[in-house]
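Take a look at the letters that make up each chain.
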Amino acid sequence: MCGISGELRLDGQLPELQHLNAMMAQLEKRGPDHAGSFSDGPLAFGHRRLSIIDLSYKSSQPMVDAELGLALVFNGTIYNHPELREELRHRGHRFSSSGDTEVILRAWVEWGAECVKHFRGMFAFAVWEMQAKRLWLVRDRFGIKPLYYTQDAARLRFASSTQALLSAGGVDTSLDAHALHHQFTLHAVVPAPRTVLNGIRKLPPAHILCMDADGTQTLHRYWTLSAQRPA
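Asks: What should I look at first to understand the nonpolar core in this one?
Replies: Within soluble globular proteins, side chains that are nonpolar generally end up buried alongside one another. Of all hydrophobic cores here, the largest spans 26 residues; its most connected members are Phe119, Phe123 and Phe125. Elements with a minimum of two residues in this core: strand S5 (70-78), helix H2 (81-90), helix H3 (100-111), strand S6 (121-129), strand S7 (134-139) and strand S11 (207-212). The contact partners of Phe125, leaving out residues within four places of it in the chain, are Ile4, Leu72, Val73, Phe74, Ile104, Trp108, Phe119, Trp136, Leu137, Val138 and Leu147. Grouped together as the second largest cluster of nonpolar side chains are 21 residues, Leu8, Phe45, Leu135 and Leu137 included.

Asks: When you look at the state of the cysteines in this model, what are you seeing that I'm missing?
Replies: Such a bond, covalent and formed between the sulfur atoms of two cysteines, is termed a disulfide. Summed over the entire model, instances satisfying the criterion amount to zero disulfides. Here Cys115 stays unpaired: no disulfide links it, and the sulfur of Cys210, its closest cysteine neighbor, is 13 Å away. By relative accessible area, Cys115 is classed as buried at 0%. Residue classification places Cys210 among the buried residues on the basis of a relative accessible area of 9%.

Asks: Even after reading the chapter, I still don't get the pairing of S7, so can you show me in this structure?
Replies: In terms of residue burial, S7 counts as a mostly covered element, since five of its six residues are buried. Bridge count for S6 against S7 is six bridges, and the pairing is antiparallel. Bridging across to S7, Ala124 finds its partner in Arg139. Bridging between S7 and S11 involves five bridges; their strand directions are antiparallel. Across the sheet, residue Leu137 finds its bridge partner in S11, namely Leu209.

Asks: Is there a simple way to explain the pattern of salt bridges in this structure?
Replies: A side chain of one charge can pair with a side chain of the opposite charge if their charged atoms are brought near each other. The full count for this structure, using the stated rule, is 18 salt bridges. Note that Arg9 and Glu7 form a salt bridge whose closest N and O atoms lie 3.7 Å from each other. The class of Arg9 is buried, set by a relative accessible area of 6%. Residue Glu7 is classed as buried on the basis of its relative accessible area of 2%. Connected through salt bridges with shared partners, the residues Glu7, Arg9, Asp11, Glu16, Asp152, Arg155 and Arg157 form a single ionic network.

Rules behind the numbers
- Residues numbered from 1 in each chain as written.
- Predicted model: local features only at pLDDT ≥ 70, side-chain atom pairs only at ≥ 80, totals over all residues.
- Heavy atoms only, no water.
- Core = buried A, V, L, I, M, F, W, Y, C linked by side-chain atoms within 4.5 Å.
- Buried < 20%, exposed > 50% of the residue type's maximum accessible area, 1.4 Å probe, protein only.
- Helix = DSSP H or I, 4+ residues; strand = E, 2+ residues; numbered from the N terminus.
- Contact = heavy atoms within 4.5 Å.
- Disulfide = S-S within 2.5 Å.
- Pairing = 2+ DSSP bridges.
- Salt bridge = Lys/Arg side-chain N within 4 Å of Asp/Glu carboxyl O.

Note that every value here comes from positions in space, so none of it alone points to a role or purpose.
Shown next, in the form of structure tokens:
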């Protein structure tokens, strides 16, 4: 378990790093082994790491490849990362770590957002494309790993917990009546994208949110469960 967070400014200003630090502090229990941050123009990433697969500093996050123009923060596990690593090596990619984080980064170079269809695991991650000034938020097929966000005219913030988003301030904390209805009638479950707070939403499972620095955004579902009886 790790903790990811970030802010994308939509108003031409720079992220306020004290707010990023506040989110990272709230996520410390999710990732006590290492703290890292990254900023590039309108974008700032924060990460709290729990080291599991590759314990070395080479898998520390945010993972940034300036030559490729990509930055990544990731929470979860890609179970088939050894097989993907070998496939990507055959395609000409080189690796400096043995963890699954770098596999995501190289897979993004090879397949773009379609890389998520190759992953088997539980994950929530964010990719920043430096040249395009474009942020991608991705969540696993069943929503095992959490990914919350809040947005207004000035910014989009995301984090692994609602507490982290609240610590940065500026969140509408009024109660969402529809979400409360679900909470009390659907076995204490609030379906995505709602949460009990009007100002916080969660990325639905099996979805990708793409956000440009000018505020243009698209939400795409990349997988649907085929629930059919066998013939």
